[in-house]
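Residue-level listing of the chains:
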Amino acid sequence: MYADFAVREARGISPTYERLSLSVAGDEEILALLDTLPSAKRQPNLLFGVVRFLGGPVGEPAAFRDFTVANWPAVEAGLRTRATQTNEDGRCALLLPVLASLRQPLALLEVGTAAGLGLHPDRYSYRYDGHLLGSSGPILDCALTGTAPPTRLPEVAWRAGLDLNPLDITDPGDLAWLEALIWPEHSHRRDRLRAAAAIAAAHPPMLTRGDLTEELLPLAARAPADATLVVFHTSVLYQVPQARRAAFVDLVRELPGHWIAVEGPDVLAYEGLPPPPDQALHNVLALDGRPLAWTRAHGQAMAWFA
C-alpha cells in the first residue's frame with residue numbers, strides 16, 4: 001500500500017510524502033504497528049495527517065519514524081478515531097461540467113461531505129487552462145482535455161450534506177484537521193481551503209450526521225420538488241465496506257434526479273473503460289452510472305473519454 005502510494009499518488013506531486021511512503025514501506029516496526037489496526041485505518045494519508053495534526057515532523061523520514069514510534073499510543077488513537085475527510089474544494093472543478101449541463105436550479109446532496117466545502121460549486125471560480133469562469137471565491141485550476149470547458153455556473157436552490165462525522169468548519173480543531181490532510185508542499189490548496197472555509201462559514205449548508213444507506217432517502221426527500229436533485233460523492237466509497245457500498249448504489253439509482261460519482265475504478269467498476277492517461281492514480285467521473293472521464297485526486301486534471 002505504501003509503495004504504491006509513493007509511486008502512483010505522491011510521485012511528482014509531493015516529494016515529502018513519496019519519501020515517507022517509501023520509508024514506511026521498508027520499516028518493519030511501523031508496519032507491525034499499523035498491522036494491529038483495521039485495514040481502513042492503515043492508509044498513508046491518514047497516518048501522515050494524524051502525525052502532522054499531533055505536531056509531528058514529516059520533512060525527514062527518520063524524524064517521522066522516531067516521533068511515530070515514541071508517540072504510538074496517541075498516533076494509534078488518532079488513526080482509530082479519525083478518517084481521511086479530505087474536503088478538497090478543487091474537486092468541484094471535476095463536477096462543474098456535469099452540473100452545468102443539468103436542468104437548473106439544482107438541489108445538491110453530497111455524501112461524505114466532511115465540512116460541506118463541496119456544496120458551494122456556484123460560489124467558486126474556475127480556470128480550465130486559459131478559460132476563466134466565475135468572479136468570486138477561490139480559483140480552482142483544472143487541466144481539461146477531451147471536451148469544451150463549461151460556460152456557466154450552476155444555480156443552486158438547496159444544498160445538504162451527509163456524513164458519519166460531519167465537521168464544523170468554524171471549529172478550530174476541525175479546520176486544523178482538514179489542514180493536516182493537505183500535503184506539505186501544497187500551499188495553494190491550504191489557501192483555497194481557507195477561502196472555501198470562509199464561504200461555508202458565511203453560508204452554512206445543512207449537514208446531517210448518519211450512514212449513507214440509512215439517511216440518504218430521508219434527506220433526499222427534503223429537497224425542493226421544483227429543483228433537480230443531484231446526489232454526488234468524490235473519493236468517499238473506498239472507505240465503505242462492499243456490502244454497504246452496493247446497497248448505497250441500489251438506493252441512489254432509485255432516486256429521482258441524477259447521481260454523480262468520482263471514485264476509483266476499483267471502487268465502482270465500469271465495463272469498457274479506455275486506458276488512463278498515465279500510470280498515476282486516476283478516478284472515474286460518472287453520471288447516472290455512465291463513465292465520462294478520468295480525473296486526478298485533487299481536481300487538478302480531467303480527461304474526458306472520446
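Residues numbered from 1 in each chain as written. Predicted model: local features only at pLDDT ≥ 70, side-chain atom pairs only at ≥ 80, totals over all residues. Heavy atoms only, no water.

## Some words on the overall build of the protein chain
Here is step 1 of the chain: In terms of helices and strands, the protein chain carries eleven helices and eleven strands.
Here is step 2 of the chain: Radius of gyration (C-alpha) of the protein chain: 19 Å, near the 19 Å computed for a compact globule of 306 residues.
Here is step 3 of the chain: With the C-alpha coordinates aligned to their principal axes, the bounding extent of the protein chain is approximately 55 × 40 × 40 Å.
Here is step 4 of the chain: When the 306 residues of the protein chain are sorted by exposure, 53% land in the buried category.
Here is step 5 of the chain: In the protein chain, once contacts between residues fewer than 6 apart in sequence are set aside, the share between residues at least 24 apart is 70%.
Here is step 6 of the chain: Carbon together with sulfur atoms contributes 54% to the accessible area of the protein chain, which is approximately 12900 Å² in total. (Helix = DSSP H or I, 4+ residues; strand = E, 2+ residues; numbered from the N terminus. Rg over C-alpha atoms; globule rule 2.2 N^0.38 Å. Buried < 20%, exposed > 50% of the residue type's maximum accessible area, 1.4 Å probe, protein only. Contact = heavy atoms within 4.5 Å. Areas by Shrake-Rupley, 256 points an atom, 1.4 Å probe, with all protein chains shown as cover.)

## Looking at the side chain of serine 21
Here is step 1 of the chain: Mapped onto the elements, serine 21 comes out in helix H2 (residues 15-25).
Here is step 2 of the chain: Exposure remark for serine 21: the relative accessible area of 0% places this residue in the buried category.

## Here we look at the sheet that holds strand S6 (residues 206-209)
Here is step 1 of the chain: The strand order across the open sheet formed by eleven strands is S3-S2-S4-S11-S10-S9-S8-S7-S1-S5-S6, and the pairing between neighbours is mixed. The open sheet has two free edges, formed respectively by strand S3 (131-133) and S6, since each of these has just one partner strand. Within this sheet the neighbouring strands show an average axis-to-axis angle of 25°, counted without direction.
Here is step 2 of the chain: As paired elements, strand S2 (residues 125-128) and strand S4 (residues 139-145) share four bridges and run parallel to each other. Its bridge partner being in S4, serine 125 is matched across the sheet by isoleucine 139.
Here is step 3 of the chain: Across the sheet, helix H11 (residues 242-254) lies against strand S1 (106-111), strand S7 (228-234) and strand S8 (258-263), angled at about 150° from S8, the strand it touches most. (Pairing = 2+ DSSP bridges. Axes fitted to C-alpha atoms, helices over the stretch in contact; angles between N-to-C directions.)

## Quick word on the side chain of threonine 84
Here is step 1 of the chain: As for its placement among the helices and strands, threonine 84 is situated in the loop between helix H6 (72-81) and helix H7 (92-99).
Here is step 2 of the chain: The class for threonine 84 is buried, based on a relative accessible area of 7%.
Here is step 3 of the chain: Within the local environment of threonine 84, its side chain forms a polar contact with the side chain of tyrosine 238, the two groups lying 2.7 Å apart.
Here is step 4 of the chain: Every residue in contact with threonine 84, bar those within four places of it in the chain, is listed here: Gln43, Asn45, Leu46, Leu181, Tyr238 and Gln239. (Polar contact = N/O pair within 3.5 Å; in protein donor to acceptor, adjacent residues only side chain to side chain.)

## With respect to unusual backbone geometry
Phi is mostly negative for residues that are not glycine, and the peptide bonds are mostly trans.
Here is step 1 of the chain: The amide bond that connects glutamine 104 to the next residue, proline 105, takes the cis arrangement and shows omega of -5°.
Here is step 2 of the chain: Its place among the elements puts proline 105 in the loop between H7 and S1.
Here is step 3 of the chain: At aspartate 129, a position not held by glycine, the phi torsion is positive, near 55°.
Here is step 4 of the chain: Given a relative accessible area of 51%, aspartate 129 falls into the exposed group.
Here is step 5 of the chain: Phi is positive for aspartate 288, close to 55°, though the residue is something other than glycine.
Here is step 6 of the chain: Tracing the chain through its elements places aspartate 288 in the loop between strand S9 (283-287) and strand S10 (290-295).

## Quick word on the nonpolar core
Here is step 1 of the chain: Of all hydrophobic cores here, the largest spans 64 residues; its most connected members are Leu34, Leu47, Phe48, Phe64, Leu79 and Ile260.
Here is step 2 of the chain: Discounting residues that sit within four places of it in the chain, leucine 47 has contacts with Tyr2, Leu34, Phe64, Thr68, Val75 and Leu79.
Here is step 3 of the chain: Ala107, Ala160, Val231 and Trp259 belong to the second largest nonpolar core, which has 30 residues in total. (Core = buried A, V, L, I, M, F, W, Y, C linked by side-chain atoms within 4.5 Å.)

## A look at the packing of helix H1 (residues 2-10) against H2
Here is step 1 of the chain: Two numbers describe how H1 lies on H2: the axes approach to 7 Å, and their chain directions differ by 160°. Classified by the interaxial angle, the pair formed by H1 and H2 is roughly antiparallel. In terms of crossing hand, the pair formed by H1 and H2 is left-handed. Contacts between H1 and H2 involve Tyr2, Ala3, Phe5, Ala6 and Ala10 from the former and Tyr17, Glu18, Ser21, Leu22, Val24 and Ala25 from the latter.
Here is step 2 of the chain: By residue class, the composition of the contact of H1 with H2 is nine nonpolar, one polar and one charged. (Parallel < 35°, antiparallel > 145°, perpendicular 65-115°, else oblique. Left-handed = near helix turned anticlockwise from the far one by under 90°. Nonpolar A, V, L, I, M, F, W, Y, C, P; charged D, E, K, R; others polar.)

## What to know about the environment of threonine 213
Here is step 1 of the chain: Along the chain, threonine 213 turns up in the loop between S6 and helix H10 (216-220).
Here is step 2 of the chain: With 60 residues separating them along the chain, threonine 213 and leucine 273 place their C-alpha atoms 27 Å apart.
Here is step 3 of the chain: Those residues within four positions of threonine 213 in sequence are excluded, and the remaining contacts are Arg244, Ala247, Phe248 and Leu251.
Here is step 4 of the chain: Within the local environment of threonine 213, its side chain forms a polar contact with the side chain of aspartate 211, the two groups lying 2.3 Å apart.

## Section: the packing of aromatic side chains
Here is step 1 of the chain: One pass over the structure, following the stated rule, counts nine aromatic pairs.
Here is step 2 of the chain: When the centroid spacing of 6.3 Å and the interplanar angle of 10° are considered together, the rings of tyrosine 126 and tyrosine 128 count as stacked. For the pair tyrosine 126 and tyrosine 128, one class covers both residues: buried.
Here is step 3 of the chain: A connected cluster of aromatic rings, assembled from ring pairs, spans Tyr2, Phe5, Tyr17, Phe48, Phe64 and Trp183.
Here is step 4 of the chain: Above the face of the phenylalanine 53 ring, arginine 82 is positioned so that its terminal group lies 4.4 Å from the ring centre. (Phe/Tyr/Trp six-rings, centres within 6.5 Å; stacked < 30°, edge-to-face > 60°. Lys NZ or Arg CZ within 6 Å of the ring centre and 35° of its normal.)

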